[in-house]
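Take a look at the letters that make up each chain.
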Number of protein chains: 2
Amino acid sequence: MTEQQETPPTGVSKALQKDIPQATVARLATYLRVLAVLADEAVAIVSSEELAVAAGVGSAKLRKDLSFLGPNGVRGVGYDVIKLRDRIEDVLGLSEGHRVVLVGAGHLGRALVGYGGFRRRGFAMVGLFDNDPAVIGTSVTGLIVRDVAELTDAVAALEPTIAVITVPDAAAQGVCDLLVAAGLQCVLSFSALALEAPATVEVRRVDLAVEMQLLSFERARNAESAAEEAMSAAAGALLPRVSMTTSKGAVVQP
Amino acid sequence: MTEQQETPPTGVSKALQKDIPQATVARLATYLRVLAVLADEAVAIVSSEELAVAAGVGSAKLRKDLSFLGPNGVRGVGYDVIKLRDRIEDVLGLSEGHRVVLVGAGHLGRALVGYGGFRRRGFAMVGLFDNDPAVIGTSVTGLIVRDVAELTDAVAALEPTIAVITVPDAAAQGVCDLLVAAGLQCVLSFSALALEAPATVEVRRVDLAVEMQLLSFERARNAESAAEEAMSAAAGALLPRVSMTTSKGAVVQP
């Protein structure tokens, strides 16, 4: 970060990529969503304050996050919406889009296939698989459910970059093994179980109960703070409360 | 953290609650899941190394995380599984369980109602609502879908502590307003839109596309690192790589 930056923008972001904290990456995804809306509305320039408010973060944090992308923005003017969007897409590895196959056409799988947010953000669903004869051959949002027995051949033909697993827990590891054997290197799993895969394969697990638990924690913390405040107020003791954070200051996405 | 700790365990955790980083809270939820499995298997004591491996984090990070809970564990022995589980549940505000209502009985809503992970972790689904006459009155995993017009009365009767919104984006703010008016203070939204609510209400948004983007980023980062390594190896330059992190070191849950 202290070296002179002479490489072109994409080179800079690639070089800095491995130093970006996970929390910043999650916020970059949020900024990207806001920028996409602004681009749709033909907004050319956005100030850091406007972008921060729309993303629900403080503007100091936003500027710090964007500093990981290398030089961008003009002091007193703002950020070029299209350039900043493209820069973030580049850093997140989204520039070329992703082709996604999904295994498990139950309620969750169908919900994900029908989720407009994926296509809007460059994730194209190209294949949908299940092992239930009653489901194979049916259509989900225009995509025909195929037999999971065809998965290996289909992966070779479809060349997906990401696979999503939404099968019951008992079947998840077997599906993961199939996908890895077929050459997939990026897996998003909704199984409650930890899946084993070679170190060269990225497996990211989404645990929906964790989201509930985080919500529960925020609630418990703020209820406690409110109770403390009430007690402090009652005692007439108005001491400074340095470490307290509000729910509104917390970043919504993990 | 440097003060003498004379308050009882639950008091300690409450007092420290507001200082716990978000990333630690997410990992506490992961430890809790592992501890629940161990408790089911009647395991009484677990070492920090065992717990760290099962949770997929480094043991130093685990010990640091658990230090936020106040004193626990015995050096050279390990952690009492039941005590640690109860302590984490207390900190996460889960001790008394949660009663959950869900609005929007589409694929995602049905997937969530049927998700075993919620009940196992103390989240009981007590009400399910929709506005589609074709869906109202049908049963989802034993729960009858009710008319959203009954929501206000139902909330008064069911006394839920958490509401989940899985309706189409266009309807999400209206449902959120209804829930807030009915007295809900904890909302988990799967809408792509940011929802407005009073500062006293916790709204947590789950954006499934962000999970895909984080996966894409990890992939791009590691592909870049692999390419750099190949270049370094080719040039015979084996410099230390301090800042590199591996995919396996990253915490899976947000």
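Residues numbered from 1 in each chain as written. Chains lettered and ligands numbered in written order. Predicted model: local features only at pLDDT ≥ 70, side-chain atom pairs only at ≥ 80, totals over all residues. Heavy atoms only, no water.

**Things to note about the pattern of salt bridges**
Residues and elements named next belong to chain A.
Step number 1: Under the defined criterion, the tally for this structure stands at 10 salt bridges over all chains.
Step number 2: Of the charged contacts in the structure, one is a salt bridge between arginine 63 and glutamate 49, with a shortest N-O distance of 3.5 Å. Of the two residues, arginine 63 is situated in helix α4 (residues 59–67) and glutamate 49 in helix α3 (residues 48–55); the sequence distance between them amounts to 14 residues.
Step number 3: Residue classification places arginine 63 among the partly exposed positions, given a relative accessible area of 38%.
Step number 4: On the accessibility criterion, glutamate 49 (45% relative accessible area) is partly exposed. (Salt bridge = Lys/Arg side-chain N within 4 Å of Asp/Glu carboxyl O. Helix = DSSP H or I, 4+ residues; strand = E, 2+ residues; numbered from the N terminus. Buried < 20%, exposed > 50% of the residue type's maximum accessible area, 1.4 Å probe, protein only.)

**Some thoughts on the confidence of the model for chain A**
All names here are of chain A.
Step number 1: With 82% of its residues at a pLDDT of at least 70, chain A reaches an overall mean of 81.
Step number 2: Here residues 1–13 scores under 50 on pLDDT; set against residues more than four positions off or in separate chains, the count is 13 contacts.
Step number 3: Contacts of residues 237–254 to residues separated by more than four positions or lying in other chains number 38 contacts, the stretch itself having pLDDT below 50.
Step number 4: Under the prediction, the complex receives an ipTM of 0.70, its pTM being 0.70. (pLDDT = per-residue confidence, 0-100. Contact = heavy atoms within 4.5 Å.)

**What about the pairing of strand β7 (residues 162–165) of chain B?**
Residues and elements named next belong to chain B.
Step number 1: Side chains Ile162 and Val164 of β7 all project onto a buried face; the interleaved residues Ala163 and Ile165 project onto the opposite face, where all are buried too.
Step number 2: One ladder, built from 4 bridges, connects strand β3 (residues 98–103) with β7; its direction is parallel. What sits directly across from valine 100, in β7, is isoleucine 162.
Step number 3: In this structure, β7 lies alongside strand β8 (residues 186–189), joined through 3 bridges in parallel fashion. Directly across from valine 164, in β8, lies its bridge partner leucine 188.
Step number 4: This β-α-β element, β7 to helix α9 (residues 169–181) to β8, shows right-handed connectivity. (Pairing = 2+ DSSP bridges. Right-handed = clockwise from strand over helix to strand, strands pointing away.)

**A look at the interface of chain A and chain B**
Step number 1: Each side of the interface is counted separately: chain A has 75 residues, and chain B has 74 residues.
Step number 2: Taken together, the two surfaces of chain A and chain B that pack against each other cover about 7,100 Å², and 60% of this comes from carbon and sulfur.
Step number 3: Between the two partners, chain A and chain B, sit 2 salt bridges.
Step number 4: The salt bridge partner of glutamate 211 of chain A is arginine 204 of chain B, with a shortest N-O separation of 2.8 Å.
Step number 5: Linking chain A with chain B are 15 residue pairs in polar contact (both at pLDDT 80 or more).
Step number 6: The biggest single contributor to the side of chain A that touches chain B is helix α10 (residues 208–235) of chain A, with 18 residues.
Step number 7: The residue inventory of the side of chain A that touches chain B, partitioned by class, reads 41 nonpolar, 15 polar and 19 charged. (Buried area = accessible area lost by both parts, 1.4 Å probe. Polar contact = N/O pair within 3.5 Å; in protein donor to acceptor, adjacent residues only side chain to side chain. Nonpolar A, V, L, I, M, F, W, Y, C, P; charged D, E, K, R; others polar.)

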